[in-house]
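Spelled out from the first residue to the last, the chains are:
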Amino acid sequence: MTRALFPLLTLVSMALFMVSLLTGPAGFGLGESLQALVTGQGEAVTLVMREIRLPRAILAVMVGASLGLSGAALQGYLRNPLAEPGLIGVSGSAALGAVIAMQTGFAAAFALALPLSALAGAVIAVLLILMLAGPRGGSLTLILAGIAISALAGALMSLALNLSPNPFATSETVFWMMGSLADRSFSHLWLAAPFMALGWALLLPLGRGLDALTLGEDAAAAMGIQLARLRLQLVLGVAACVGAATAVAGAIGFVGLVVPHLLRPIVGARPSVLLPASALGGAAMVLLADIAVRLILPERDLKLGVLMAIIGAPLFLHLIYKTRRAGA
Amino acid sequence: MTRLTLDRLTVMRGTCPVVDAATFEIGAGELVGLIGPNGAGKTSLMRGALGLLPHDGHCSLTAMTPHGRARHAAWLPQSREIAWPVAVETLVMLGRIPHLAAGQRPSEADRIAVADALATMDLTGFEARAATELSGGEQARVLIARALAQDTPLILADEPIAGLDPGHQIATMAAFAQLAARGKALMVSLHDLGLAARHCTRLVLMDKGRIHADGPPASVLTRENLAQVFGISAHMANGPDGIIFQPLEVLA
């Protein structure tokens with residue numbers, strides 16, 4: 001089953017990518033759209049395809065892969081299926097970093113200021129989580145630490161909006177925080193790409209160490225896994241992925257929870273296989289959700305983060321219920 | 001041939017030494033039982049020797065690189081953690097990690113080592129079962145098999161037989177003895193002094209962080225040592241079936 005999974009996920013992602021390219025309010029024909037995308041024939045349709053839909057679809061892949069991968073890596077390290085960047089406050093803290101940068105004007109100082117601010121917020125949150133919950137903290141400590149960090153990030157974000165002199169900037173920020181891929185351009189893509197690539201490069205090789213951690217830290221260390229290095233690589237990798245994703249798309253939660261949860265039984269629960277599978281699965285999931293927001297309420301600009309939360313939160317409740325039963 | 005050398009190994013918890021200047025060697029062919037009351041420092045001694053706790057003094061293991069150490073010594077911690085519902089075979093295959101280069105897939109030799117370890121622990125037929133769904137004792141055996149699959153000259157195990165049924169306790173100790181007879185060295189902490197006396201080639205008795213006695217079982221499990229360290233009396237006889245040891249009562 002595992003062997004067929006990767007080609008299958010790739011095919012599904014590619015198909016969803018094509019559907020994403022062909023979904024939108026402009027209503028061009030299929031042949032016309034694809035021809036414009038490839039050859040550049042027809043000014044309006046080429047503009048829509050190349051400057052609006054293409055970056056949006058590519059960003060959906062990148063954001064989804066980053067969030068899915070981060071969720072799987074965090075869960076593997078903490079040995080807890082409830083660990084998810086959005087739930088434990090990492091996305092919130094990244095958003096806080098971004099909001100502070102936007103409200104203070106730091107974001108305009110230089111091109112990378114926004115993603116770097118989001119990344120700094122994410123690093124702080126991951127470090128706090130590891131400090132508070134640690135791998136032996138158990139589900140309850142992890143969730144409590146996540147609530148605390150989310151609450152703090154939320155409060156500071158409210159403070160930043162509260163003190164904002166400009167009501168338009170405030171409402172814009174509020175909508176931005178809901179998470180969306182609408183109206184993103186290639187400049188967003190180039191801003192996020194290096195950080196995400198760095199995050200993937202840091203997280204994907206962690207597979208063997210995370211596998212060994214299935215037996216606990218002591219056994220993993222005695223099998224030659226260098227835990228201090230693994231932890232650092234995890235913190236930086238998750239922060240780079242989530243920080244970059246949040247900087248360009250706002251806070252999108254639950255991807256890192258839903259995707260590893262769905263794929264874990266298929267890969268035989270092995271953390272090393274779950275990492276790449278969750279990256280692919282995350283890409284498919286965000287592509288799908290981003291198509292759905294355009295189809296469900298085409299006129300109202302339904303936010304991607306809102307939709308993901310509506311799908312993800314019930315699953316989270318189900319997971320807590322299951323964890324409780326297993327613990328009893 | 002020496003497999004483990006400790007020279008004045010000391011592990012501190014705060015200002016209090018939980019292992020105090022432990023010095024001994026373990027050679028090939030030895031099955032060393034590490035005994036002592038709760039809190040005597042057995043776990044700290046083994047974790048310190050493996051470099052998992054900061055320590056003073058010399059240990060032949062911590063002088064190695066992490067990778068070299070992982071190929072020389074396998075460690076079976078007391079906490080029986082299995083975080084994910086992986087298949088038994090997958091879990092035991094984790095023991096092969098130190099033998100695989102980065103990105104290398106398990107070879108036929110790795111699969112044979114895993115199958116051998118499973119057979120030794122009486123787990124043949126369990127390969128595809130989810131490890132988390134087994135009983136506590138079965139999980140303990142799967143984890144022992146994982147340590148055996150690492151196929152190292154030295155194995156350190158912290159209370160490996162606690163919680164096993166009598167048959168599997170005896171079978172596990174017999175398997176350890178057989179591994180020792182084939183030239184491996186093992187150090188096993190345990191509380192069952194009867195099994196320790198019967199199967200171990202040598203006992204190390206710890207008390208309050210110090211090595212209280214070290215030698216063949218009969219020379220360690222003396223009336224004085226038992227009274228002084230455990231506060232118990234016991235009956236010991238050397239019959240045709242080997243040493244028979246039965247703790248009797250707590251001394252006032």
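See the structure printed just above.
First, a word on scope: everything that follows refers to the structure included in this document. (Residues numbered from 1 in each chain as written. Chains lettered and ligands numbered in written order. Predicted model: local features only at pLDDT ≥ 70, side-chain atom pairs only at ≥ 80, totals over all residues.)

### Quick word on the overall build of chain A
From N to C terminus, chain A includes 14 helices and 0 strands. From first element to last, N terminus to C terminus, chain A shows the α and β order α-α-α-α-α-α-α-α-α-α-α-α-α-α. Computed over its C-alpha atoms, the radius of gyration of chain A comes to 20 Å, within 12% of the 20 Å expected for a compact globule of 328 residues. For chain A, the spread of C-alpha atoms along the three principal axes comes to 65 × 55 × 35 Å. Here chain A, with 328 residues, has 52% of them falling under the buried criterion. In chain A, of all internal contacts separated by at least 6 residues, the share reaching a separation of at least 24 is 79%. (Helix = DSSP H or I, 4+ residues; strand = E, 2+ residues; numbered from the N terminus. Rg over C-alpha atoms; globule rule 2.2 N^0.38 Å. Buried ≥ 20, exposed ≤ 12 C-beta atoms within 10 Å, placed from the backbone. Contact = placed C-beta atoms within 7 Å.)

### Remarks on the nonpolar core
The biggest cluster of nonpolar side chains holds 183 residues, and the ones touching the most others in it are Ala-73, Ala-122, Val-238, Ala-244 and Ala-245 of chain A together with Val-92 and Ala-145 of chain B. Filtering out sequence-adjacent residues up to four positions away, Ala-73 of chain A remains in contact with Leu-203, Leu-206, Leu-234, Gly-237, Val-238 and Leu-275 of chain A. (Core = buried A, V, L, I, M, F, W, Y, C linked by C-beta atoms within 7 Å.)

### Quick word on the sheet that holds strand E1 (residues 2-13) of chain B
Residues and elements named next belong to chain B. Strand order in the open sheet formed by 3 strands is E2-E1-E4, with antiparallel pairing between adjacent strands. If you trace the sheet from one side to the other, it starts and ends with strand E2 (16-27) and strand E4 (56-59), each paired once. On average, adjacent strands in this sheet sit at an angle of 10° to one another, irrespective of strand direction. Packed onto the sheet, helix H1 (residues 42-49) meets E1, E2 and E4 and runs at close to 115° relative to E1. (Pairing = 2+ DSSP bridges. Axes fitted to C-alpha atoms, helices over the stretch in contact; angles between N-to-C directions.)

### Structural notes on the interface of chain A and chain B
Note on interface size: it is often stated as the accessible area lost on association of the parts. Opposite the 18 residues of chain A that make contact, chain B presents 22 residues. Of all the secondary-structure elements, those providing two or more residues to the side of chain A that touches chain B are helix H9 (207-213) and helix H10 (217-222) of chain A. Sort the elements by how many residues they give to the side of chain A that touches chain B and H10 of chain A lands first, with 4 residues. When its residues are assigned to classes, the side of chain A that touches chain B shows 8 nonpolar, 5 polar and 5 charged. (Nonpolar A, V, L, I, M, F, W, Y, C, P; charged D, E, K, R; others polar.)

### Section: the environment of Leu-221 of chain B
All names here are of chain B. Looking at where Leu-221 falls in the secondary structure, it is placed in the loop between helix H8 (217-220) and helix H9 (223-230). A tally of 24 C-beta atoms within 10 Å means that Leu-221 is categorised as buried. When the C-alpha atoms of Leu-221 and Arg-129 are compared, they prove to be 41 Å apart, with 92 residues separating the residues in sequence. Filtering out sequence-adjacent residues up to four positions away, Leu-221 remains in contact with Leu-193, Ala-197, Leu-203, Leu-226, Met-236 and Phe-245.

### A few points about the packing of helix H3 (residues 43-78) of chain A against helix H13 (residues 271-296) of chain A
Axis separation between H3 of chain A and H13 of chain A bottoms out at 6 Å; the angle between their running directions is 140°. Remark: the crossing between H3 of chain A and H13 of chain A carries right-handed chirality. (Left-handed = near helix turned anticlockwise from the far one by under 90°.)

### Quick look at unusual backbone geometry
All names here are of chain A. In the Ramachandran plot, Asp-183 falls in the positive-phi region, its phi being about 60° despite a non-glycine side chain. Turning to its location among the elements, Asp-183 is positioned in the loop between helix H7 (167-177) and helix H8 (186-203). Here the phi dihedral of Phe-254 falls at roughly 75°; this positive angle occurs in a residue that is not glycine. Position of Phe-254 relative to the elements: it lies in the loop between helix H11 (227-249) and helix H12 (255-263).

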